[in-house]
Amino acid sequence: MIRTPLRRRTPLRARRRETSPRVPRPGTLPSLPADWRARCRAVRRRDEGRCRWCAHPVAPSDLGAVDHLIPRRLADERVRDAARNLVLLCQAHHSGPKAEAEAALFAGQSDRWMRFLNVVQLTGPRPTPAEIGAALTRLNALLTEAHDGHRNPSPRGTGPARP
């Protein structure tokens, strides 16, 4: 008996991946400093080339794994690119728990972000409570401003009446 491959009359459709809606992130995104690569190398040395979440080695070529604990949009200039605000994460934790915690933060759920900070704190430095409080205050102001802007759009056609 000769075996033949099974053929479908209709092709399989790719399953749609359900994604959560993107949370808008208020504020402006400042640019990275000119010495960003040097700061990344310093953070890698400090964290001994290991992810601060799981302690797995991180590839030296993976510059995207150095990230900010307080998002750059929320941190003031003193804290934004300070060593205590930078963390080395493996790709799985950079795109997993860190991304989810930051999305929750911008959605107004600061408790998930604080849990992420508490885990990272166990393995190295983190921003001070005052710096974290200032970032949360700035976030609340930006969220309120964005919410009020959506609720009270500027009136149109309020100029002088035409004859």
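Not measured: the values here are computed from a predicted model. (Residues numbered from 1 in each chain as written. Predicted model: local features only at pLDDT ≥ 70, side-chain atom pairs only at ≥ 80, totals over all residues. Heavy atoms only, no water.)

Novice: Help me understand the environment of Asn85 in this model?
Specialist: Checked against the element boundaries, Asn85 lands in the loop between helix H2 (77-80) and strand E2 (86-88). Between the C-alpha atoms of Asn85 and Leu69, which are 16 residues apart in sequence, the distance is 5.2 Å. Beyond its immediate stretch of four places on either side in the chain, Asn85 contacts Asp67, His68, Leu69, Ile70, Val79, Arg80 and Pro127. At 2.7 Å, the side chain of Asn85 forms a polar contact with the backbone nitrogen of Ile70. (Helix = DSSP H or I, 4+ residues; strand = E, 2+ residues; numbered from the N terminus. Contact = heavy atoms within 4.5 Å. Polar contact = N/O pair within 3.5 Å; in protein donor to acceptor, adjacent residues only side chain to side chain.)

Novice: Looking at this model, I keep getting lost on helix H1 (residues 36-46). Mind explaining?
Specialist: Of all the positions in H1, only Trp36, Cys40, Val43 and Arg44 are classed as buried. Considered in projection along H1, the buried side chains sweep an arc of 100° and stay on one side of the axis. For H1, the secondary structure elements touched by its buried residues are strand E1 (66-68) and E2. Looking one or two places after H1, you find Glu48, whose phi comes out positive at around 55°. (Buried < 20%, exposed > 50% of the residue type's maximum accessible area, 1.4 Å probe, protein only. Arc of directions from axis to C-beta.)

Novice: Help me out: how do you make sense of the confidence of the model for the protein chain in this one?
Specialist: When pLDDT is averaged along the protein chain, the result is 80; 74% of the residues meet or exceed 70. Across residues 152-163 the pLDDT falls below 50, and counting only partners more than four positions away or on other chains, this stretch makes 0 contacts in the model. (pLDDT = per-residue confidence, 0-100.)

Novice: When you look at the pattern of salt bridges in this model, what are you seeing that I'm missing?
Specialist: Note that side chains of opposite charge can pair when their charged atoms are close. This model, assessed by the stated rule, comprises 9 salt bridges. In this structure, Lys98 engages Glu102 in a salt bridge whose closest nitrogen and oxygen atoms are separated by 2.4 Å. Of this pair, Lys98 and Glu102 both sit in helix H4 (residues 97-106), 4 residues apart, which is roughly one turn of the helix. Comparing Lys98 with Glu102, the two get one shared label, buried. Note that Asp111 and Arg115 form a salt bridge whose closest N and O atoms lie 3.9 Å from each other. You can see Asp111 and its partner Arg115 sitting in helix H5 (residues 110-121), 4 residues apart, about one turn around the helix. Judged by relative accessible area, which is 47%, Arg115 ranks as partly exposed. The network of salt bridges with common partners includes Arg46, Asp47 and Arg52. (Salt bridge = Lys/Arg side-chain N within 4 Å of Asp/Glu carboxyl O.)

Novice: How should I be thinking about the packing of H4 against H5 in this particular structure?
Specialist: A pair of packed helices is captured by two measures, namely the crossing angle of their axes and the spacing between those axes. It is at 7 Å that the axes of H4 and H5 come closest, and there the two elements cross at 145°. For the element pair H4 and H5, the recorded crossing hand is left-handed. On H5, the residues that touch Pro97, Lys98, Glu100, Ala101, Ala104 and Leu105 of H4 are Ser110, Arg112, Trp113 and Phe116. (Axes fitted to C-alpha atoms, helices over the stretch in contact; angles between N-to-C directions. Left-handed = near helix turned anticlockwise from the far one by under 90°.)

Novice: Sorry, what's going on with the nonpolar core here?
Specialist: Note on soluble globular proteins: their nonpolar side chains tend to be buried together. Counting 29 residues, the largest nonpolar core has Val66, Ile70, Leu74 and Trp113 as its most contacted members. Elements with a contribution of two residues or more to this core: H1, E2, H4, H5 and helix H6 (129-151). Ranked by the residues each element gives to this core, the list is headed by H6, at 5 residues. (Core = buried A, V, L, I, M, F, W, Y, C linked by side-chain atoms within 4.5 Å.)

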